[in-house]
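Below, each chain spelled out in residue letters.
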Amino acid sequence: MKCMYQTQTDASDTGSLEMHVESRVNNEPVPDARIELSYTGEPDSVFEEVRTNESGQTQQIELKAPPIDYSLEPSQSQPYAQYTIQITAEGYQPVTITGIQVLPEVTAVQDIRLQPVGAAASWPDDIVIPANTLYGNFPPKMEEAEIKPIRQTGEIVLSRIVVPEYVVVHDGAPTDNTATDYYIRYKDYIKNVASSEIYATWPDATIRANVLAIMSFTMNRVYTEWYRNKGYNYTITSSTAFDQKWSYGRNIFSNISLIVDEMFQNFLSRPNVTQPILTQYCDGQRVSCPNWMTQWGSKYLGDQGYSAIEILRYYYGSNMYINTAEEISGIPASWPGVVLTIGSSGSKVRQMQEQLNRIARAYPAMPTITADGIYGSQTQAAVEKFQSIFGLPVTGDVDFRTWYKISEIYVGVSRIAELA
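Residues numbered from 1 in each chain as written. Predicted model: local features only at pLDDT ≥ 70, side-chain atom pairs only at ≥ 80, totals over all residues. Heavy atoms only, no water.

Draft legend 1. Spatial organisation of the overall build of the protein. Along the protein, the regular secondary structure elements total nine helices and 18 strands. For 420 residues, the compact-globule estimate of 2.2 N^0.38 gives 22 Å, and the C-alpha radius of gyration of the protein, at 21 Å, lies within 12% of that figure. Principal-axis analysis of the C-alpha atoms gives the protein an extent of 55 × 55 × 45 Å. By the burial criterion, 56% of the 420 residues in the protein qualify as buried. Within the protein, residue pairs in contact and separated by at least 24 positions form 70% of the contacts whose partners lie at least 6 positions apart. Total accessible area on the protein is roughly 17,500 Å²; 48% of this is exposed by carbon and sulfur atoms. Each charge class in the protein can be summarised by its mean position, and for the 31 positive and 47 negative side chains these summaries are 6 Å apart. (Helix = DSSP H or I, 4+ residues; strand = E, 2+ residues; numbered from the N terminus. Rg over C-alpha atoms; globule rule 2.2 N^0.38 Å. Buried < 20%, exposed > 50% of the residue type's maximum accessible area, 1.4 Å probe, protein only. Contact = heavy atoms within 4.5 Å. Areas by Shrake-Rupley, 256 points an atom, 1.4 Å probe, with all protein chains shown as cover. Lys, Arg positive; Asp, Glu negative; His and termini not counted. Charge placed at Lys NZ, Arg CZ, Asp CG, Glu CD.)

What follows is the structure, encoded as structure tokens:
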């Protein structure tokens, strides 16, 4: 029987938690939201209260966590602490989130979307975050062919590899007709799955290898329209027996988020195979999968200094390659291909400036700038403020990661109707 982590014991390490609160209707930040923190299992043990700033965010809060060794080796002891938050804000329905996972030495990020009072509630207001799949009990993945046959009528319907803006997640097994379908931004889906299935305390190369496997698996489902061709109206399920573990409303981790933001256009491929590879994997401890990547095995290879692609080739063979999607859906314009910085000029700079100005209307901590197509000190300051608000490295330069984060936030706050 597993030894559940108790906040009062084994709290030899600390992690941190930051929270972001926005409106479900227009994606704009909710300032002055009140958040009460307690230990999960002790809902009356409120030990701290914080409020969001004008950008709808809290400062990082240092919290007790179990020893880091618990997450670096398979253990019967729970490797993360669990916290509960209660969120209230004027004009919004209250939300409770139970089981936020805080690992030592990394930052947990909890996004909270509030429903205005009087609006029809279509998403749950009380969220319970399940165990990480490495610690909890979940059904193992049923084996499939990693490359889907293309001669079957209607099997492959997309003509090119496109990173979708959204995926539709069926929150249950395909046989569960009562399960809810959720529209989730592709990047948010990948961050959620990675935070649900591995530990953010693992080596960077291991996290990258697992993120690439998660993305390629997802892109195979998108490209082949696997479930739609079976008569279902969604992209993928949250069942570990069929797909990958996604948990509605769960927290993610900042280092995983940054890696996904950097790599989300990638997938795994083999020579002369058009479709992304269905990269299946297992934990390698409770479940054995000789022909797939094992999560714990990838961790140990990362400890030995293997790179992400070396880890992937160790399991999937030497003819596995990292590829790049031809198109990213749902953005105003593609990445210019070079880092925009002081002295840059042209239409891409102007477009980025216009997007920052629109974002500043929703996030008043950001300065408004002149959209003149010239990257000067004012633009640099606006970029730096944007990066600090949205958890990116504060460089003042618009790299790949920053460009697409600007696009993502711009699209979110400028839409009249939110898909979700």
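Draft legend 2. Just helix 6 (residues 308–316), in detail. Listing the buried residues of helix 6 in full gives Ala-308, Ile-311, Leu-312, Tyr-315 and Tyr-316. Seen along its axis, helix 6 keeps its buried residues to an arc of 110°; they face one direction. Taken together, the buried residues of helix 6 touch helix 3 (204–224), strand 14 (266–269), strand 15 (281–282), strand 16 (293–294) and helix 5 (295–303). Positive phi shows up at Gly-317, right after helix 6, with a value of about 105°. (Arc of directions from axis to C-beta.)

Draft legend 3. A look at the environment of Gln-265. The residue Gln-265 is located in the loop between helix 4 (254–263) and strand 14 in this model. Separated by 102 residues in sequence, Gln-265 and Val-163 place their C-alpha atoms 6.5 Å apart. In contact with Gln-265, other than residues within four places in its own chain, are Val-163, Asn-323, Thr-324, Ala-325, Ile-328 and Phe-400.

Draft legend 4. Just the state of the cysteines, in detail. Across all of its chains, the model carries one disulfide by this definition. In this model Cys-282 forms its disulfide with Cys-289; the gap between the sulfur atoms is 1.9 Å. Across the disulfide from Cys-282 to Cys-289, rotation about the S-S bond amounts to roughly -85°, and the bridge is consequently left-handed. Relative accessible area serves as the criterion here: at 8%, Cys-289 is assigned to the buried category. (Disulfide = S-S within 2.5 Å.)

Draft legend 5. Quick peek at the pairing of strand 10 (residues 166–170). Within strand 10, five of the five residues are buried, which leaves it mostly tucked inside the rest of the structure. The two faces of strand 10 match: Tyr-166, Val-168 and His-170 on one face and Val-167 and Val-169 on the other face are all buried. Pairing of strand 10 with strand 11 (residues 181–185), which is carried by five bridges, proceeds in the antiparallel orientation. Each residue of the ladder has a partner; that of His-170, found in strand 11, is Asp-181. Looking at chain direction, strand 10 and strand 12 (residues 236–237) are connected through two bridges and run parallel. Counted as the bridge partner of Val-169 is Ile-236 from strand 12. (Pairing = 2+ DSSP bridges.)

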